[in-house]
Each structure stands twice: as structure tokens, then as C-alpha cells.
Amino acid sequence: MNGFPATDHSWMSSYCGYTGDPSVALLSKAHSSSSLQKPSVPASDKASSQRNTEGNVEGHHQRELALVITSPEDKPEASFDKDDIVNHYIGPKCRPLHEVLLEQAKVVWQSHDREDLAKWIVTSDKTIGGRSEAFLKMGKNKQSDLLYETLSSEAPQDGKSGQSGHSAMIAKVFRGPFEIKKSYDWSQFNTLYLCVHGDVQTWMVYIREDMDIIQRKDQMYSYFMFTHGGTFWQEVKIPFSKFFFSNQGRIQDAQYQLQLDKISCIVLALADKLDGPFFLEIDFIGIFTDLAHTEEFSYENSPVLNPRLFK
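Residues numbered from 1 in each chain as written. Predicted model: local features only at pLDDT ≥ 70, side-chain atom pairs only at ≥ 80, totals over all residues. Heavy atoms only, no water.

As recorded in an unreviewed UniProt entry, the chain goes by the name Complex I intermediate-associated protein 30, mitochondrial, listed as coming from Catagonus wagneri. Quoted straight from UniProt, the Subcellular location (unreviewed entry) entry for the chain says "Mitochondrion". (UniProt positions renumbered as here; feature names shortened; annotations may be inferred.)

This part takes up the overall build of the chain. Along the backbone of the chain there are five helices and 13 strands. Buried positions account for 33% of the 311 residues belonging to the chain. The contacts in the chain between residues at least 6 apart in sequence include a share of 72% that link residues at least 24 apart. Within the structure as shown, the chain displays about 20,500 Å² of accessible surface, and the carbon and sulfur contribution to it stands at 54%. (Helix = DSSP H or I, 4+ residues; strand = E, 2+ residues; numbered from the N terminus. Buried < 20%, exposed > 50% of the residue type's maximum accessible area, 1.4 Å probe, protein only. Contact = heavy atoms within 4.5 Å. Areas by Shrake-Rupley, 256 points an atom, 1.4 Å probe, with all protein chains shown as cover.)

What follows covers empty space enclosed by the protein. One pass over the full model with this rule turns up one cavity of 30 Å³ or more. One number sums up the size of the largest cavity: a volume of about 30 Å³. Lining the largest cavity, in full, are Trp-109, Gln-110, Ser-111, Trp-120, Asp-145, Met-169, Ile-282, Phe-284 and Ile-285. No other element matches the three residues that strand β13 (residues 276–290) contributes to the lining of the largest cavity. Grouping the amino acids of the lining of the largest cavity by side-chain chemistry returns six nonpolar, two polar and one charged. (1 Å grid on protein atoms, 1.4 Å probe; cavity = no way out; pocket = protein on both sides within 12 Å on 5 of 7 lines; lining within 4 Å. Points joined across faces, edges and corners; volume = space filled by probe spheres on them. Nonpolar A, V, L, I, M, F, W, Y, C, P; charged D, E, K, R; others polar.)

For the rest of this paragraph, the subject is the sheet that holds strand β7 (residues 202–209). Ordered by their spatial adjacency, seven strands build an open sheet running β2-β5-β12-β7-β8-β10-β11, and the pairing between neighbours is antiparallel. Every other strand in the sheet has two partners, leaving β2 (120–124) and β11 (250–251) as the edge strands with one partner each. (Pairing = 2+ DSSP bridges.)

Let's shift gears to the packing of aromatic side chains. A full pass over the atoms with the stated rule returns 19 aromatic pairs. Taken together, a centroid distance of 5.9 Å and an interplanar angle of 45 degrees make the contact between Phe-224 and Phe-244 tilted. Placement of Phe-224 in strand β8 (residues 219–226) and of Phe-244 in strand β10 (residues 244–247) is noted, with a sequence separation of 20 residues between them. Residue placement shows Lys-237 over the ring face of Tyr-193; its charged tip is 5.1 Å from the ring centre. (Phe/Tyr/Trp six-rings, centres within 6.5 Å; stacked < 30°, edge-to-face > 60°. Lys NZ or Arg CZ within 6 Å of the ring centre and 35° of its normal.)

Next up, the structure:
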């Protein structure tokens with residue numbers, strides 16, 4: 001949102017002086033003309049009579065003026081209630097402004113055209129001789145990516161691989177000019193934000209750090225994404241503090257906090273050992289700041305498992 005709507009401050013003039021109302025001006029003129037037609041009185045009673053008359057006129061004038069200013073037609077409709085002021089402004093998608101201010105969001109991957117499809121790599125156990133297949137294409141309205149696949153847990157007949165039945169959707173590494181690899185900096189955000197439509201399957205969400213020198217490619221940070229199914233889209237919000245450290249899909253005893261300023265890519269994988277066709281439709285994948293979430297890390301460590309955190 002670029003800014004707040006313009007606010008009319010003209011009502012403030014009624015609290016700062018003369019309102020410019022013609023009825024008030026005519027009322028003042030009437031009082032001034034009536035004061036000229038006062039009956040004559042003796043000189044001895046002139047001072048007291050003048051004081052009484054002026055007092056009556058002034059009091060009557062104040063009462064009439066108060067009635068004019070506080071009439072329903074002229075009284076400004078102003079409320080200083082905090083809730084009324086905040087709820088008066090509407091943010092994007094008709095959401096209240098206070099909700100928008102509490103969330104700072106950024107879309108990282110979206111699904112609008114075929115160029116967005118080219119930012120992903122789809123793979124399965126077929127690369128090692130398995131029978132699973134996975135495909136990625138545009139959705140019906142060309143506003144989403146549709147990942148559909150058929151998993152088969154039948155092991156390859158090569159005598160080497162004993163596990164099968166998995167597929168994944170991997171985001172390509174972000175590259176800058178001259179194909180130089182660059183990492184994402186998400187340090188200003190604390191939550192992963194996805195808008196998806198699934199079929200009651202449990203997906204794994206992996207985040208990989210850009211640590212090729214000291215980290216193997218199989219070491220990633222993982223968490224679960226539960227899809228509800230049905231006909232409605234689902235918003236999934238996963239705090240980064242919930243991601244646990246894993247190696248080759250196995251949770252490690254020593255847990256490390258995700259370094260948000262060195263993000264390499266994100267992976268959506270399905271490996272629940274269930275055979276059959278499955279699908280996942282993706283509108284966008286982004287990040288946002290949830291000010292209500294203050295947790296830094298969800299998992300415990302000890303000096304024995306992770307000595308570097310206790311130096």
C-alpha cells in the first residue's frame with residue numbers, strides 16, 4: 001500500500017474559531033440591531049439597566065449560538081475512538097488496515113505464466129529407476145502451478161536402491177548477471193507464506209542454505225505442510241523458527257537455527273509411502289513478518305550435541 005487516503009480536516013475549523021455559518025452571522029446581526037431599540041431609562045438606572053440588558057442579551061446570544069453550533073445539521077461527525085479511526089481505513093482485498101500494518105509480505109515465487117514454470121525443477125525416483133512420475137503445468141485459469149504425480153513405492157530393480165516412492169518440486173537457484181549464483185536474504189521476515197490447494201496429503205517443505213563450502217547438499221531445514229483438500233484455497237503460514245535441521249531426510253540430534261540471510265532454494269516434496277495419484281496447486285510462495293510471533297527457535301540444544309552454541 002503506497003499511502004493513506006486523504007483526510008478532510010475542515011471539521012477542525014469549528015473547534016478553532018468562527019465556522020463561517022450564515023445562520024450564526026444573522027443571529028449576531030439580530031442581536032446587535034435589537035440592542036439599538038432598547039427603551040430609554042433614567043440616568044440613575046442606566047448603568048444597572050445596561051448591565052442587566054447586556055447580560056440577558058449575552059446569555060441569550062450564547063444559548064442561541066450553542067443551539068446553532070450543536071444542531072445535528074452543523075455539528076461535525078468526528079470520532080476520536082481509536083478503533084473507529086483504524087477500522088475506517090480499508091487495506092488490500094478489503095482487509096482492515098490494522099491487519100495489513102501487522103503484516104509485511106513479499107512474494108518470492110508466483111504462478112502467472114510459463115516463465116514462472118521455468119523457475120522450478122520437477123524430479124522423482126524415476127531418475128534412479130523407480131516408477132513414480134511427476135509433472136508441472138499451468139492451472140486451468142493460468143493463475144497457478146499444478147503439480148500432479150503418481151507415486152509408486154516399488155523399489156528399482158537395480159539391486160542398489162531399496163527405497164522408492166518420492167517426488168519433489170525444487171526451485172532453481174537464483175542467479176544474477178553473468179549467471180552468478182546469489183542467495184535470498186529473508187532476515188527481515190519470520191514466516192513462510194504459501195497459498196495452495198491440495199488433496200489432504202502431508203507435504204514436506206525444505207529450505208536449503210547457501211553453504212556449499214561447509215555444508216553438503218543433503219543438509220536442509222524441514223517442516224510439514226498439511227493440505228486440507230476440498231474446493232477452497234488454503235493459506236499456510238510456517239514460522240521459520242519451526243524448521244528443524246535434517247540430513248538426507250533424517251532429523252539430526254544437534255539442531256541449528258536457519259540462517260535467513262543465506263537462503264539458496266525451497267523444495268516441496270512428497271514421500272509418505274502411499275501409492276497413487278496426487279496433486280498440489282500453488283498460487284504463490286512468499287514470506288511475511290508476523291509481529292505476533294516472537295519465538296526465535298523451537299528446539300532445544302545442549303553443550304554435548306552443539307558445543308558451538310555454548311561457547
